[in-house]
Amino acid sequence: MMATLLGSESPCTGGKRRNCSSNIITKFTASKITGQGFSRGTQLPGGLLQERDKRAKWNGIPTLLQKLYESSHPNSDLSHAHSLLKVLSSQLSMEAMSFVTEDRKTAQESTFPNTYTFDLFGGVDLLVEILMRPTLTMQKKKPKMNDDLVKDSLSVLYNCCICTEGVTKSLAARDDFVLFLFTLMTNKKTFLQTATLIEDILGVKKEMIHLEGIPNLSGLVQSFDQQQLANFCRILSVTISEPDVGNDDKHTLLAKNAQQKRNASPSRAEVNQVTLLNIPGFIERLCKLATRKVSEATGANFLQELEDWYTWLDNALVLDALMQMATEEAEQSSTESSDESSLATSPLRHRLPQSMKIVHEIMYKVEVLYVLCVLLMGRQRNQVHKMLAEFRLIPGLNNLFDKLIWRKYTASNHVVHGQNENCDCSPEISFKIQFLRLLQSFSDHHENKYLLLNSQELNELSAISMKANIPEVEALVNTDRSLVCDGKKGLLTRLLTVMKREPPDSSFRFWQARAVESFLRGATSYADQMFLLKRGLLEHILFCIIDSGCTSRDVLQSYFDLLGELMKFNIDAFKRFNKYVNTPEKFQTFLTQINSSLVDSNMLVRCIVLSLDRFESQTEDVKVVEVLSECCLLSYMARVENRLSFLFRLINIINVQTLTQENVSCLNTSLVILMLARRKAKLPFYLNALREKEYAEKYPGCLLNNFHNLLRFWQRHYLNKDKDSTCLENSSCIPFSYWKETVSVLLGSDRTSLCAIASYIDEPFMDLDRDLLED
């Protein structure tokens, strides 16, 4: 055996001696792939391992593993095995610590030789075997393993996962081990280590696990204290989120529609969401976690708990955040008092724990808010909404706003993070973004949005409706006043306050605007708009677009969308616009921003076109007539050549292959322009203008064929989607039946019809992309 392993010459005669260690490594690596030959170091003679150890720089790990194997047989008490594992653990933990502090470099065997050697000689498999041994016994009463042994075994496995490539994937492939790990979470002493290992494993697992496959999941979750439940949310986030949801807007609608056809049944993530919602008290406990104060979170065991958490922290940025806070507190204290005696009685180490408590609680809340946000966007949205209202999530967050959520300014020049991206930002930034995402999901097209206000603010909405002599919105009337925000300001008003203070290019602006816009989305409410207009929101938006020097496309898009919802059909808003944009230079800057990216600004263009159409039908109203004649924005859009210019570009910047959730709005905006033209019997004029544009650009048929294909796709996409059609109807105040009818007329095959696109494409250029949508 030895001769085969080491080559044709004896180890004593020199020759190939220098290749011995590499030959052993080659044999072990091959055995892992083929399943044949040596599988662990215990199969090699001890003398050979000791002889080769120094030359190969194995640091005695194979020998220790051999002893660990021999001392961990089923009938042993494992005390000696535990002492050996401690020795191994100390060697591996140093490498793990260096890996964490060096920003998770790509794992290589040369960088982390101890961990690599441990795995190579079967250490990972041996620890899995030791951990799972109690599950293999036939006895009714399962033997209990020493908590510290379990804890150290999990620590070593985690170190191997983060330092050696492939270990996490190999563990993830073992479904029995993954499900077994969940059973270890019932023990508070080993909970944190188990949770951390599971999180790493699920992050690389090819298939999402079925939560219902976890033994007694309901009992497990109900046994958790609040800290454990918060940490468990980190694991849950992987099991309830659809893959790549962070880049959802970038996926083409063609690809998404095809995928939906293939996967008609609920996804595994959706099934897991239902499983969670069926756990008694689960949502209520998450609401309590999300809204509890820092003072409520600090129990007698806080320092011990913090020590465990701190040990397992795998994000060096959090350490930086803790130290920065402590330093800021120290500087603030020294500024307030230069008295040496007062500083001496308040050393840095005494102030640090409070900062650590805050960050600790913030990190918990980030995970909890993420889970709630995902559930709010799922198929069970109405059920989740009802529970979040009942358990007073929104009033609870409102009470935390000033003291925790936005207790201080936090710089955020990061890119705009998506829902499921691995965000490397600080806990404070993550917390604010998750909070804003939650508000956006909570308000979006749901009557519970009025819970973001307090009683006085709800009364203000009623007064606005009464003054304007319009009926109150039904959702406002039905709002349960016992579930709304407390205090002098509601959550929406607090959000507006901090929004105005944010620097121009801060990514928080994007999320803040999205959250406020979601409050306005749906059927247009004059009272809602006036509530925000009275608080200076329109002037703030225009300042950001025109005067602030903001260059972020994401931020500008969110402000264009918000401005569109704020101004739509509201004559007072257009009057305010004209008062702010009071010079030709300002108006030109505004137009330049709009024209720089129609994908970003087309929702605002749609709002202006729709509003103009409505105002032109209200000429008996003196105020409307006055604003129509004076407002530079309405006058600009009233000129047909400007509407046509927008129409040309909207059709030209998209095609069926590049349509996404983000840019499909360009197609709908072009349709709005043509529907309004059709109402006034001017559709032939617009279609002919498109034809003339083609010939002027010397691309006959190109624009109209592209539009024809887009409308064919529109029919397939929207006629099967109730939610999308409702959104189109609510946002435009045009019945969806008229949308469908207009598209059918435009796609008519009768070339004698003046309202059919086909009539404006000359025969040689007809149907350039006939097969584009064929299955």
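Computed from a prediction, not measured in an experiment: that's the story for all the values here.

1. Topic: the overall build of the protein
Moving on, step 1. A tally of regular secondary structure across the protein gives 41 helices and zero strands.
Moving on, step 2. For the protein, buried positions account for 53% of its 775 residues.
Moving on, step 3. A separation of at least 24 residues holds for 76% of the contacts in the protein among residues at least 6 apart in sequence.
Moving on, step 4. Working note: accessible area of the protein is about 35,400 Å², and carbon and sulfur atoms make up 51% of it.

2. Regarding the confidence of the model for the protein
Moving on, step 1. Residues at a pLDDT of 70 or more form 76% of the protein, whose mean pLDDT is 82.
Moving on, step 2. Predicted confidence in the protein is weakest over helix 1 (residues 2-6), with a mean pLDDT of 33, and strongest over helix 28 (residues 526-533), with 98.
Moving on, step 3. Per-residue pLDDT stays below 50 along residues 336-352; that stretch engages in 14 contacts with residues further than four places along the chain or on separate chains.
Moving on, step 4. Segment residues 414-424: pLDDT under 50, and 34 contacts once partners within four positions in sequence are set aside and those in other chains are kept.

3. Observations concerning the packing of aromatic side chains
Moving on, step 1. Going through the model one piece at a time under the given rule, you end up with 16 aromatic pairs.
Moving on, step 2. Look at Trp714 and Trp739: their rings are 6.3 Å apart centre to centre, the planes differ by 5°, and that puts the pair in the stacked class. One end of the pair, Trp714, is in helix 39 (residues 702-718); the other, Trp739, is in helix 41 (residues 736-746), with 25 residues separating them in the sequence. Assigned by exposure class, Trp714 and Trp739 land together as buried.
Moving on, step 3. Three or more aromatic residues joined by ring pairs form one cluster here, namely Phe182, Phe191, Phe224 and Phe232.
Moving on, step 4. Here the guanidinium or amino end of Lys586 rests over the ring plane of Tyr580, the centre of that ring lying 4.2 Å away.

4. Concerning the packing of helix 10 (residues 175-184) against helix 11 (residues 188-204)
What describes two packed helices is the angle between their axes and the distance between those same axes.
Moving on, step 1. Packing of helix 10 against helix 11 brings their axes to within 9 Å, and their N-to-C directions diverge by 155°. Our classification of the angle between helix 10 and helix 11 gives roughly antiparallel. Every pair of crossing elements has a handedness; the one defined by helix 10 and helix 11 is left-handed. Residues Phe177, Val178, Leu181, Phe182 and Leu184 of helix 10 form the contact with helix 11, whose participating residues are Thr190, Thr194, Leu197, Ile198, Ile201 and Leu202.

5. Some points on unusual backbone geometry
Moving on, step 1. Located in the positive-phi region is Asn216, a residue other than glycine, with phi close to 50°.
Moving on, step 2. Position of Asn216 relative to the elements: it lies in the loop between helix 11 and helix 12 (217-223).
Moving on, step 3. Its identity as a non-glycine residue notwithstanding, Arg392 has a phi of 55°, on the positive side.
Moving on, step 4. Mapped onto the secondary structure, Arg392 falls in the loop between helix 21 (381-390) and helix 22 (393-405).
Moving on, step 5. Given the relative accessible area of 28%, Arg392 is considered partly exposed.

6. A look at the pattern of salt bridges
Oppositely charged side chains are able to pair whenever their charged atoms sit close together.
Moving on, step 1. Under the criterion given, the structure shown has 31 salt bridges.
Moving on, step 2. Here Lys288 ties to Glu284 by a salt bridge, and the two come within 3.9 Å at their closest N and O atoms. Here Glu284 and Lys288 lie together in helix 16 (residues 282-291), a separation of four residues that amounts to about one turn.
Moving on, step 3. Given a relative accessible area of 48%, Lys288 falls into the partly exposed group.
Moving on, step 4. Here Glu539 ties to Arg576 by a salt bridge, and the two come within 3.3 Å at their closest N and O atoms. In this pair, Glu539 is assigned in helix 29 (residues 537-547) and Arg576 in helix 31 (residues 571-580), connecting sequence segments 37 residues apart.
Moving on, step 5. Among the residues examined, Glu539 registers a relative accessible area of 25% and is labelled partly exposed.

7. Points about the side chain of Arg514
Moving on, step 1. On the secondary structure map, Arg514 appears in helix 27 (residues 507-520).
Moving on, step 2. If we ignore the near neighbours within four places in the chain, the residues touching Arg514 are Gln440, Gln557, Ser558 and Asp561.

8. Notes on the environment of Ser552
Moving on, step 1. Topologically, Ser552 is positioned in the loop between helix 29 and helix 30 (553-567).
Moving on, step 2. Of the residues examined, Ser552 reaches a relative accessible area of 19% and is grouped as buried.
Moving on, step 3. Along the backbone, Ser552 and Ser506 are 46 residues apart, and their C-alpha atoms lie at a distance of 8.7 Å.
Moving on, step 4. Of note is the side chain of Ser552, whose polar atom sits 3.2 Å from the backbone nitrogen of Val555.

9. What to know about the packing of helix 39 against helix 41
Moving on, step 1. Helix 41 packs onto helix 39 with a crossing angle of 140° between their chain directions and a minimal axis gap of 10 Å. Judged by the angle between their axes, helix 39 and helix 41 are oblique. Relative to helix 41, helix 39 is oriented so that their crossing is left-handed. Between helix 39, through Phe707, Leu711, Trp714, Gln715 and Tyr718, and helix 41, the contact on the second element is made entirely by Phe736, Trp739, Lys740, Val743, Ser744 and Leu746.
Moving on, step 2. Residues that form the contact of helix 39 with helix 41 fall into these classes: eight nonpolar, two polar and one charged.

10. Focus: the environment of Glu694
Moving on, step 1. Topologically, Glu694 is positioned in helix 38 (residues 683-696).
Moving on, step 2. Here the alpha-carbon distance between Glu694 and Ile761, two residues 67 residues apart in the chain, equals 9.9 Å.
Moving on, step 3. The residues contacting Glu694, other than those within four sequence positions of it, are Tyr699, Pro700, Gly701, Cys702, Leu703 and Leu704.
Moving on, step 4. At 2.8 Å, the side chain of Glu694 and the backbone nitrogen of Leu703 are in polar contact.

11. Re helix 27
Structural remark: α-helix, 3.6 residues per turn; residues separated by three or four positions point the same way.
Moving on, step 1. When the terminal C-alpha atoms of helix 27 are compared, their 21 Å separation across 14 residues agrees well with the 20 Å that a helix rising 1.5 Å per residue should span.
Moving on, step 2. Buried residues dominate helix 27, accounting for 14 of its 14 residues.
Moving on, step 3. Between a side-chain oxygen at the N-terminus of helix 27 and the backbone nitrogen of Phe508 the separation is 3.1 Å; the capping residue is Ser506.
Moving on, step 4. Following helix 27 by one or two positions, Gly522 has its phi on the positive side, about 100°.

12. Comments concerning helix 37 (residues 664-679)
Moving on, step 1. Over its 16 residues, helix 37 runs 23 Å from end to end, which matches the ideal 22 Å to within 8%, given 1.5 Å per residue.
Moving on, step 2. Most of helix 37 sits out of view: 15 of its 16 residues are buried.
Moving on, step 3. Of the residues flanking the end of helix 37, it is Ala681, one or two places downstream, whose phi is positive at about 60°.

13. Remarks on the state of the cysteines
Moving on, step 1. All chains considered together, the criterion is met by zero disulfides.
Moving on, step 2. The thiol of Cys163 is unpaired, and the distance to the nearest cysteine sulfur, on Cys160, comes to 7.7 Å.
Moving on, step 3. Judged by relative accessible area, Cys163 falls into the buried class, the value being 1%.

14. Some thoughts on the environment of Val204
Moving on, step 1. Relative to the helices and strands, Val204 resides in helix 11.
Moving on, step 2. Sequence-wise, Val204 and Ala172 are 32 residues apart; in three dimensions their C-alpha atoms are separated by 7.0 Å.
Moving on, step 3. Non-local contacts of Val204, meaning those with residues more than four positions away in its chain, are made with Thr168, Lys169 and Ala172.

Reading the values: rules and limits
Residues numbered from 1 in each chain as written. Predicted model: local features only at pLDDT ≥ 70, side-chain atom pairs only at ≥ 80, totals over all residues. Heavy atoms only, no water. Helix = DSSP H or I, 4+ residues; strand = E, 2+ residues; numbered from the N terminus. Buried < 20%, exposed > 50% of the residue type's maximum accessible area, 1.4 Å probe, protein only. Contact = heavy atoms within 4.5 Å. Areas by Shrake-Rupley, 256 points an atom, 1.4 Å probe, with all protein chains shown as cover. pLDDT = per-residue confidence, 0-100. Phe/Tyr/Trp six-rings, centres within 6.5 Å; stacked < 30°, edge-to-face > 60°. Lys NZ or Arg CZ within 6 Å of the ring centre and 35° of its normal. Axes fitted to C-alpha atoms, helices over the stretch in contact; angles between N-to-C directions. Parallel < 35°, antiparallel > 145°, perpendicular 65-115°, else oblique. Left-handed = near helix turned anticlockwise from the far one by under 90°. Salt bridge = Lys/Arg side-chain N within 4 Å of Asp/Glu carboxyl O. Polar contact = N/O pair within 3.5 Å; in protein donor to acceptor, adjacent residues only side chain to side chain. Nonpolar A, V, L, I, M, F, W, Y, C, P; charged D, E, K, R; others polar. Expected span 1.5 Å × (residues − 1). Disulfide = S-S within 2.5 Å.

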